[in-house]
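The lines below spell out each chain.
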Amino acid sequence: MLRHLIYKIKSTGPITVAEYMKEVLTNPAKGYYVYRDMLGEKGDFITSPEISQIFGELLGIWFISEWMATGKSTAFQLVELGPGRGTLVGDILRVFTQLGSVLKNCDISVHLVEVSQKLSEIQALTLTEEKVPLERNAGSPVYMKGVTKSGIPVSWYRDLQDVPKGYSFYLAHEFFDVLPVHKFQKTPQGWREVFVDIDPQVSDKLRFVLAPSATPAEAFIQHDETRDHVEVCPDAGVIIEELSERIALTGGAALVADYGHDGTRTDTFRGFCGHKLHDVLIAPGTADLTADVDFSYLRRMAQGKVASVGPIKQHTFLKNMGIDVRLKRLQGGRHQRNARQSKPFASLVAGFSELAWQ
Ligand code: SAH
């Protein structure tokens, strides 16, 4: 990846941070996708698989309660953006099965938006029965189709735009933070974009440089911006606009859960490798890259089309959704079974206490 980037910079000049992120994270031509789970990093909010499972279950309950509150439509689509390994959607679907009596007259389908071929295969392994073959069509916008373990049709797309329009619940969990950001620094001459260039001192090392003049992505900076360093994510705006238009047109809701802030932070672009911070420019392709989501921007892009609420801390969301009751129930059940076989309840509670949504 470093050689590829150096070649690219040598032939066409320094690249934006957004281009750098895109190349490193999702360049399909290079066959790369750096996925945090595969590298065993990040995931630092939800440390225990049990808490992660409860999170999925509570999201399932949230979707069902939204469905009930909005008049129990006869059908809905569950659409996830960037499903990773597919475990979260698996946990949500389990709740749908458990609450089958509530949903029995509702026609549910699952739609996954995933750019990585490799991850889509892992998602299929998580969600579908091996015995039932998948339908593949690489040339089609719906590049794979199958049926989940509980008998629900599931389809894969590379782009949200290709998901059929219809009453939908959308989920984006740790998705927006991997979308490419442009970085800007305030200078006496005005905003200047941060680029990635080759270090003139060391030929195989990259470094940040400031653009000598204004660049187009500056248009995404607010006119009354007071910070001296900002990150803007045009792709996030495009996706939120699309989600908002869809929801306004056909009904439904979207839930965005991510590392983020409300338009206050500055330099949040960072790399993680093995749960540790990693220099974003060193050994590209070996670390997960992320930039905090600016929720104030997402809200602005939804404004006038749909109602938006939040952001709230994940901890608060889970408390409001009754995670304490769920944990107690789990504890009760464990005492009745063989307490020695299961993980101590204290570690689950500690896991939840660690959920410190920043
Ligand atoms: N939701 C999962 C995975 C988060 S990692 C979790 O919480 O663990 C980000 C996911 O988004 C990966 O599945 C990645 O392949 C996918 N992805 C990244 N950029 C994308 C894009 N532009 N469109 C669709 N999927 C994308």
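The present account deals with the structure reproduced in this document. Every value quoted in this text rests on a predicted model; they were computed, and no experiment measured them.

Here we take up the overall build of the protein chain. Regarding its fold elements, the protein chain presents 12 helices and 17 strands. The buried share of the protein chain, reckoned over its 358 residues, is 51%. In the protein chain, the proportion of contacts linking residues at least 24 apart, taken out of those at least 6 apart, comes to 72%.

Spatially, the 7 strands line up as an open sheet ordered S4-S5-S6-S3-S2-S7-S12, and their pairing is mixed. Unpaired on one side and paired on the other, strand S4 (135-136) and strand S12 (252-257) mark the two borders of the sheet. Contacting strand S3 (107-113), S4, strand S5 (142-147) and strand S6 (153-157), helix H7 (residues 117-127) runs over the sheet at an angle of about 10° to S5.

Looking at the ligand, there are 17 residues lining it, with Gly82, Gly84, Glu114, His173 and Glu174 nearest. Backbone polar atom of glycine 82 to a nitrogen atom of the ligand: 2.7 Å apart, as the coordinates give it. Here the shell around the ligand is composed, by residue class, of 9 nonpolar, 5 polar and 3 charged.

This next bit is on the pairing of S3. A regular strand places its side chains so that they alternate between the two faces of the sheet. Counting buried residues along S3, 6 of its 7 residues qualify, which places the element largely inside the surrounding structure. With 7 bridges connecting them, strand S2 (residues 75-81) and S3 associate as parallel partners. Considered in S3, the bridge of leucine 78 is made with valine 110. Bridge count between S3 and S6: 4 bridges; the pairing is parallel. Paired with valine 110 across the two strands is valine 154, which belongs to S6.

Another point: the packing of helix H1 (residues 2-12) against helix H2 (residues 17-26). A pair of packed helices is captured by two measures, namely the crossing angle of their axes and the spacing between those axes. The contact between H1 and H2 brings their axes to 11 Å, and the two run at 145°. Between H1 and H2 the crossing geometry is right-handed. Two secondary-structure elements touch here, H1 through His4, Leu5 and Lys8 and H2 through Glu19, Tyr20, Glu23 and Val24.

As a further point, take unusual backbone geometry. Between glycine 310 and the following residue, proline 311, the backbone shows a cis peptide bond with an omega angle of 5°. Mapped onto the elements, proline 311 comes out in the loop between helix H9 (295-302) and helix H10 (314-320). In this model, lysine 72 sits at a positive phi of 50°, which is unusual for a non-glycine residue. Tracing the backbone shows lysine 72 in the loop between helix H4 (49-69) and S2. Despite not being glycine, alanine 283 has its phi angle at roughly 45°, a positive value. One can find alanine 283 in the loop between strand S15 (276-278) and strand S16 (288-290).

On to the nonpolar core, then. Judged by nonpolar contacts, the single largest core of 44 residues is most densely connected at Tyr20, Phe176 and Leu206. Listing elements by their share of this core, those giving two or more residues are H1, H2, S2, strand S7 (168-173), strand S9 (190-198), helix H8 (234-250) and H9. For leucine 206, the contacting residues outside a window of four places in its chain are Leu2, Leu5, Ile6, Ile9, Tyr20, Val196, Asp197, Ile198, Asp199, Leu281 and Pro284. Counting residues in hydrophobic clusters, the runner-up holds 40 residues, among them Trp67, Leu127, Tyr143 and Met144.

Another aspect to go through is the pattern of salt bridges. Per the counting criterion, the structure on display carries 16 salt bridges. The residue arginine 94 makes a salt bridge to aspartate 91 at a minimum N-O spacing of 2.8 Å. Placement of both arginine 94 and aspartate 91 in helix H5 (residues 87-98) is noted, with a separation of 3 residues, approximately one turn of the helix. In this structure arginine 94 comes out as partly exposed when scored by relative accessible area, which is 33%. As a salt-bridge pair, arginine 265 and aspartate 292 come within 2.4 Å of each other at their nearest N and O atoms. Taken together, the residues arginine 265 in the loop between strand S13 (260-261) and strand S14 (270-273) and aspartate 292 in the loop between S16 and strand S17 (293-294) connect sequence positions 27 residues apart. Look at arginine 265 and you get partly exposed, because its relative accessible area is 27%. According to the relative accessible area criterion, aspartate 292 is buried, its value standing at 8%. Each member of the salt-bridge network shares a partner with another, and the members are Glu57, Asp91, Arg94 and Arg326.

Bringing the sheet that holds S16 into the picture now. As summarised here, the arrangement of the 3 strands in space is S15-S14-S16, forming an open sheet in which the pairing is antiparallel. Whereas interior strands pair on both sides, the edge strands pair on one side only; in this sheet they are S15 and S16. Direction aside, neighbouring strands of the sheet carry axes that sit 40° apart on average. Of the strand pairs in this sheet, S14 and S16 are connected by 3 bridges, and their pairing is antiparallel. From the neighbouring strand, glycine 271 faces S16, where its bridge partner is leucine 289.

The rules we used
- Residues numbered from 1 in each chain as written.
- Predicted model: local features only at pLDDT ≥ 70, side-chain atom pairs only at ≥ 80, totals over all residues.
- Heavy atoms only, no water.
- Helix = DSSP H or I, 4+ residues; strand = E, 2+ residues; numbered from the N terminus.
- Buried < 20%, exposed > 50% of the residue type's maximum accessible area, 1.4 Å probe, protein only.
- Contact = heavy atoms within 4.5 Å.
- Pairing = 2+ DSSP bridges.
- Axes fitted to C-alpha atoms, helices over the stretch in contact; angles between N-to-C directions.
- Near = heavy atom within 4 Å.
- Polar contact = N/O pair within 3.5 Å; in protein donor to acceptor, adjacent residues only side chain to side chain.
- Nonpolar A, V, L, I, M, F, W, Y, C, P; charged D, E, K, R; others polar.
- Left-handed = near helix turned anticlockwise from the far one by under 90°.
- Core = buried A, V, L, I, M, F, W, Y, C linked by side-chain atoms within 4.5 Å.
- Salt bridge = Lys/Arg side-chain N within 4 Å of Asp/Glu carboxyl O.

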